[in-house]
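Fold and contact review
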Amino acid sequence: MTQTPLILDASIIIDMLSVNSLETLLAVGREFCTTDFVLNTIKNSVCESTFAKLEKSKKLKSYSMDKKVENFFEFYSSVRDVLSLEGCSVLFHAKRLNATLLSSDLNLLDMAKKKGIRSFNLLDVLECMIKRKILSKIEAIDCLKTLMDENQTLQKEECEKKIIRWGK
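This text gives an overview of the structure that appears in the document. The structure presented is a predicted model; accordingly, all values stated were derived computationally and were not measured.

Glancing now at empty space enclosed by the protein. Leftover empty space is mapped by rolling, across the atoms, a probe with the size of a water molecule. Summed over all chains, the structure comprises one cavity of 30 Å³ or more. Of the volumes computed, that of the largest cavity is approximately 90 Å³. Residue assignment for the lining of the largest cavity shows that the elements contributing at least two residues are helix H7 (106-114) and helix H8 (122-131). Residue classes in the lining of the largest cavity are distributed as six nonpolar, four polar and no charged.

In structure tokens:
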């Protein structure tokens, strides 16, 4: 059975970079992809050496809008009031590729659900990494605590529930 690609948005890439877990995630043995719009956002958000390391790893395939631009802007016009251009680009490609979307952006996850796109949030990703023994529960707790300090958009109550559950 072929596994569907996993498409990452800017928020989850930045979150995973901030806790030094992106390389660990990308080493899982799945096809990971994003868009050129997201990579441009990341390039402007992280230090140059971190971005160079990400590019050099070649584990994150990037899709360009060049060939699909007309279809993309038609799609974008239907969601632009809710999503950023970058968010719309990953949603568009997730739909086009029948990929699974990974994101920390609640608006993007909600729109993915409405569009029938399989998606998972940061807590789901960490949970999966624990189940696959990619991260220990202690490492996941440390990551999540750090992210809670850095990312004010995370749902604090849900994060605290995971921390308690993983701490048992």
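Picking up where we left off.
For the rest of this paragraph, the subject is the layout of surface pockets. Taken as a whole, the second largest pocket holds about 200 Å³ of empty space. Along the walls of the second largest pocket sit Leu17, Asn20, Ser21, Leu22, Glu23, Leu26, Thr50, Lys53, Leu54 and Ser57, which together make up its complete lining. Of all the secondary structure elements, the ones that give two or more residues to the lining of the second largest pocket are helix H2 (22-26) and helix H4 (48-57). Counting residues per element, the lining of the second largest pocket draws most heavily on H4, which supplies four residues. Class assignment of the residues belonging to the lining of the second largest pocket gives a composition of four nonpolar, four polar and two charged.

Bringing the state of the cysteines into the picture now. If you walk through the whole model with that rule in mind, you get zero disulfides. The thiol sulfur of cysteine 33 is not disulfide-bonded, and the nearest other cysteine sulfur, from cysteine 88, lies at 15 Å. Free cysteine cysteine 47: the closest other cysteine sulfur is in cysteine 143, separated by 18 Å. In this structure cysteine 47 comes out as partly exposed when scored by relative accessible area, which is 44%.

End to end, helix H6 (residues 85-97) covers 18 Å across 13 residues, agreeing with the expected 18 Å (1.5 Å per residue, within 8%). Taken as a whole, H6 has its buried residues at Gly87, Cys88, Ser89, Val90, Leu91, Phe92, His93 and Ala94. Asparagine 98, located one to two residues past H6, shows a positive phi value of around 55 degrees.

Moving on to unusual backbone geometry. In this structure, asparagine 20 takes a positive phi of about 55 degrees despite not being glycine. With respect to the element layout, asparagine 20 can be found in the loop between helix H1 (10-18) and H2. Positive phi values are uncommon outside glycine, yet lysine 133 reaches one of about 60 degrees.

Attention now moves to helix H3 (residues 36-45). Of all the positions in H3, only Val38, Leu39 and Ile42 are classed as buried. Taken around the axis of H3, the buried residues stretch over an arc of 95 degrees, which confines them to a single face.

Reading the values: the criteria
- Residues numbered from 1 in each chain as written.
- Predicted model: local features only at pLDDT ≥ 70, side-chain atom pairs only at ≥ 80, totals over all residues.
- Heavy atoms only, no water.
- 1 Å grid on protein atoms, 1.4 Å probe; cavity = no way out; pocket = protein on both sides within 12 Å on 5 of 7 lines; lining within 4 Å.
- Points joined across faces, edges and corners; volume = space filled by probe spheres on them.
- Helix = DSSP H or I, 4+ residues; strand = E, 2+ residues; numbered from the N terminus.
- Nonpolar A, V, L, I, M, F, W, Y, C, P; charged D, E, K, R; others polar.
- Disulfide = S-S within 2.5 Å.
- Buried < 20%, exposed > 50% of the residue type's maximum accessible area, 1.4 Å probe, protein only.
- Expected span 1.5 Å × (residues − 1).
- Arc of directions from axis to C-beta.

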